[in-house]
Amino acid sequence: FSNFFRYMEEAEHAIWRKAGMRIAAEGREHQWPRISAQCDFKSRLRVDDEFEVRTEMAKATNRTIQWAHTLMRGDTLIAQGTVTAVCVKLQPDGTFKAVEIPTALLTRLQSALV
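Description of the structure in this document.

Any two side chains of opposite charge can pair if their charged atoms end up close together. Under the criterion given, the structure shown has five salt bridges. The residue arginine 73 makes a salt bridge to aspartate 49 at a minimum N-O spacing of 3.2 Å. Taken as a pair, arginine 73 in strand 3 (residues 64–73) and aspartate 49 in the loop between strand 1 (34–41) and strand 2 (52–60) lie far apart in primary sequence, 24 residues in all. Take arginine 73: its relative accessible area is 21%, and that puts it in the partly exposed class.

Given below as structure tokens:
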């Protein structure tokens, strides 16, 4: 079941790539630690099953993005989950501080979902 979180994370990373960005790019200005993650399991997923992860931006605040994920095998619901990330910047003292999500970045992510 822990793999479901990896599948959801990979789907999120695919959206970043589609938007022409990388969430984990070297030297990036912003970082995105997860502050919440949950998943409700509905059906079994076997080793060789083909499935898809449908991802949407469920909610965006000025500092956080909540991604909603639905895992499907054909017409069968496998799981539903959310992952919330906060936009932070590294401070000179080595700590992180939550900052507002740049409008251009959020717009690019939203356009990649269409």
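There's more to say after this.
Time to look at the environment of glutamate 100. With respect to the helices and strands, glutamate 100 occurs in the loop between strand 6 (96–98) and helix 2 (103–112). Using a relative accessible area of 52% as the deciding quantity, one classes glutamate 100 as exposed. Sequence-wise, glutamate 100 and asparagine 62 are 38 residues apart; in three dimensions their C-alpha atoms are separated by 5.1 Å. For glutamate 100, the contacting residues outside a window of four places in its chain are Asn62, Arg63 and Cys87.

Taken in spatial order, the four strands make up an open sheet running 1-4-3-2, and their pairing is antiparallel. Two strands bound the open sheet, and with one partner strand each, they are strand 1 and strand 2. Put simply, the sheet's adjacent strands are angled 15 degrees from each other on average, direction ignored. As paired strands, strand 2 and strand 3 are joined by eight bridges and run antiparallel to one another. Across the sheet, residue glutamate 56 finds its bridge partner in strand 3, namely alanine 68. Each of strand 1, strand 2, strand 3 and strand 4 (76–86) touches helix 1 (residues 3–18); the most contacted strand, strand 1, lies at about 120 degrees to it.

Calculation criteria
- Here the residue numbering is sequential within each chain, running from 1 through the sequence in written order.
- Thresholds applied to this predicted model are a pLDDT of at least 70 for local features of residues and 80 or more for the giving and counting of side-chain atom pairs; totals over whole chains, interfaces and linings are not thresholded and use all residues.
- Side-chain metrics rest on all non-hydrogen atoms present in the structure, leaving aside hydrogens and water.
- For this document, the term salt bridge refers to a Lys or Arg side-chain nitrogen within 4 Å of an Asp or Glu carboxyl oxygen.
- Runs of E in the DSSP output that reach at least two residues are strands. Runs of H or I that reach at least four are helices, and both are numbered from the N terminus.
- Summary of the burial criterion: residues with accessible area below 20% of their type's maximum are buried, those above 50% are exposed, and those between are partly exposed, where the area comes from a 1.4 Å probe applied to protein chains only.
- Only heavy atoms matter for contacts: two residues are in contact if any of them lie within 4.5 Å across the pair.
- Strand pairing is defined by DSSP finding a minimum of two bridges between the two strands.
- The angle between two axes is taken between their N-to-C directions and runs from 0 to 180 degrees, where each axis is a line fitted to C-alpha atoms and a helix contributes only its stretch in contact.

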